[in-house]
Amino acid sequence: MARTATAIINLNAIKQNYLHSKSLAAPAKAIATIKANAYGHGAIEVANALTDVADAFGVACIEEAIELRDAGIKQPILLLEGFFTADELEYISENNLWCAIHNQHQLDALKAAKLKQPVNVWLKMDSGMHRLGFLPKEYADAWQQLSNLEQVASITHMSHFSSADDLSSPLTKKQTELFINTIGELPGEISIANSSAVLTKAVKGRNQWVRPGIIIYGSSPIDDDELASPLIPAMTFKAKVISQRTINKDESVGYNGLWTAEETTKIGTVSIGYADGYPRHAENGTPVFINGKKSQILGRVSMDMVMVDLSMFEQQDCIGFDVELWGDNISVNEVANCAETISYSLLCGLTRRVSKTYIK
Ligand SMILES: *Cc1c(COP(=O)(O)O)cnc(C)c1O
């Protein structure tokens, strides 16, 4: 036996979720966003699982793209932030990487580059997120500069929503209008929708490319059962009960004794901690699923272990019981809420110590 801290990744769920996002956005094509090691699920495995269906992949940097090309992935790969240094351009041009251009620095570097193949550029507009992109008043000029370059094969218009997960925010509509109006008569395909905007169908009309990320992994960024229910959680994060004991009333549990028993209670210790990526901020009462029953964590999460309530198994030997931290029975969103974070951060946060098992 070995220590159990496992993520079981359901590749078929990922494929189904991708196809669901495409059906919501049809006839738009979809960039499967697999940056950050496919949100912790394994970029190569996810890309291989999607290779028959994905129109293109999206990553954050060239290192992530090279990993995919080295693994034989043939689809176009969009660098969502473009290049960071000009020496990346040679590889970009020779390996069919699509490249965001979000500022004049990048544009000047592209102008100065001698390339074997022209590059497909995704020209980014800052329509209100204020993170990356040309301002609307600079945008047409940036487009003109690019359209004159022999280094450029095509220009896609790109922007990003700041608040598409907040259905009450007026920003999504405002950003869409500013984006579309600023593009005006400029030719080229357009792309603005992330997962939230795909789920809510926020972009009508001109919308050739969507860029779903988190929904591919089966977590809805929007707290809405109807929108979330077609999504299948792709990751089941599991560990085991490794110890059990019964504690008395008024005895406390774990570092700093954050939880105290109000009556005699059977508790267990589980082989998972923050060094695996289980969040240290998960509060007392964060749900877990033990041997078919819902339970909860007790006290503070430590580096390699966490304690749980076993009072529902009073008469049983619980050593070796399976514990689901999140997956089909406990949604990663629920755990994220209990830890004041988001599912993205939990999924990306699994560490090297967690072994991954893939099922088709
Ligand atoms: C990460 C990312 C996405 C995907 O976002 P989700 O919320 O996971 O759908 C889309 N576009 C850009 C530019 C991104 O950085």
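Here the structure is a predicted model, which means the values were calculated and not measured.

Rules used throughout
Residues numbered from 1 in each chain as written. Predicted model: local features only at pLDDT ≥ 70, side-chain atom pairs only at ≥ 80, totals over all residues. Heavy atoms only, no water. Domains from an automatic or database assignment. Contact = heavy atoms within 4.5 Å. Buried area = accessible area lost by both parts, 1.4 Å probe. Salt bridge = Lys/Arg side-chain N within 4 Å of Asp/Glu carboxyl O. Polar contact = N/O pair within 3.5 Å; in protein donor to acceptor, adjacent residues only side chain to side chain. Helix = DSSP H or I, 4+ residues; strand = E, 2+ residues; numbered from the N terminus. Buried < 20%, exposed > 50% of the residue type's maximum accessible area, 1.4 Å probe, protein only. Core = buried A, V, L, I, M, F, W, Y, C linked by side-chain atoms within 4.5 Å. Expected span 1.5 Å × (residues − 1). Arc of directions from axis to C-beta.

Undergrad: Which residues make up the domain arrangement of the chain, and what values do they have?
TA: The domains assigned to the chain are domain 1 (11–220) and domain 2 (235–359). Inter-centroid distance (C-alpha atoms) of domain 1 to domain 2 is 37 Å. Taken together, the contact between domain 1 and domain 2 spans 13 residues of the former and 10 residues of the latter. In total, domain 1 and domain 2 occlude about 980 Å² of area from one another, counting both sides; carbon and sulfur atoms represent 58% of this. For domain 1, the biggest contributors to the area lost against domain 2 are Y39, H41 and I214; these three give 42% of the whole. For the pair domain 1 and domain 2, the number of links is 0 salt bridges. Across the domain 1-domain 2 interface, the total number found is 5 residue pairs in polar contact (both at pLDDT 80 or more). The biggest single contributor to the side of domain 1 that touches domain 2 is helix α2 (residues 35–39), with 3 residues.

Undergrad: So, the pattern of salt bridges: which residues are in play, and what are the values?
TA: Across all of its chains, the model carries 12 salt bridges by this definition. K240 is the salt-bridge partner of D322, the closest N and O atoms lying 3.0 Å from each other. Separated by 82 residues along the polypeptide, D322 in strand β17 (residues 322–326) and K240 in strand β10 (residues 235–247) bring together distant segments of the chain. Looking at D322, the relative accessible area reads 31%, which means it is partly exposed. Two residues, D250 and K249, come together in a salt bridge whose shortest N-O distance is 3.6 Å. Residue D250 shares its accessibility class with K249, and that shared class is exposed.

Undergrad: Could you give an account of the nonpolar core, naming the residues involved and the relevant values?
TA: Counting 102 residues, the largest nonpolar core has Y278 and W326 as its most contacted members. With 6 residues, helix α1 (residues 11–25) is the single largest residue contributor to this core. Counting residues domain by domain, this core receives three or more from each of domain 1 (11–220) and domain 2 (235–359). Apart from residues lying up to four places away in sequence, Y278 is in contact with F237, I272, G273, T286, P287, V288, I297, V301, L325, W326 and V335. I31, A56, A100 and W122 belong to the second-largest nonpolar core, a separate cluster that totals 9 residues.

Undergrad: For the environment of D224, give the residues involved together with the corresponding values.
TA: Locating D224 in the fold gives a position in the loop between β9 (209–210) and α10 (225–228). Sequence spacing of D224 and K22 is 202 residues, and the spatial spacing of their C-alpha atoms is 19 Å. Looking at D224, its side chain comes within polar contact range of the main-chain nitrogen of E226, at 2.9 Å.

Undergrad: How would you summarise unusual backbone geometry if you had to cite specific residues and measurements?
TA: Omega for the bond connecting A26 with P27 falls within 30 degrees of zero, at 5°, which places this linkage in the cis form. Looking at the element boundaries, P27 is found in the loop between α1 and β2 (29–33). Positive phi outside glycine occurs at N37, with the angle close to 50°. Along the chain, the position of N37 falls in helix α2. Residue classification places N37 among the partly exposed positions, given a relative accessible area of 32%. Phi is positive for N256, which is not a glycine, with a value near 65°. Considering the arrangement of structural elements, one finds N256 in the loop between β11 (252–253) and β12 (259–260).

Undergrad: Explain helix α7 (residues 136–147) residue by residue, including any values.
TA: Taking 1.5 Å per residue as the helical rise, α7 with its 12 residues ought to reach 16 Å, and the 17 Å between its terminal C-alpha atoms agrees with that figure. Buried residues of α7: Y139, A142, W143, Q145 and L146, and no others. Burial along α7 is one-sided: seen end-on, the buried residues are contained in an arc of 160°. Lining the buried residues of α7 we find α6 (104–112), β6 (119–124), β7 (152–158) and α8 (171–183).

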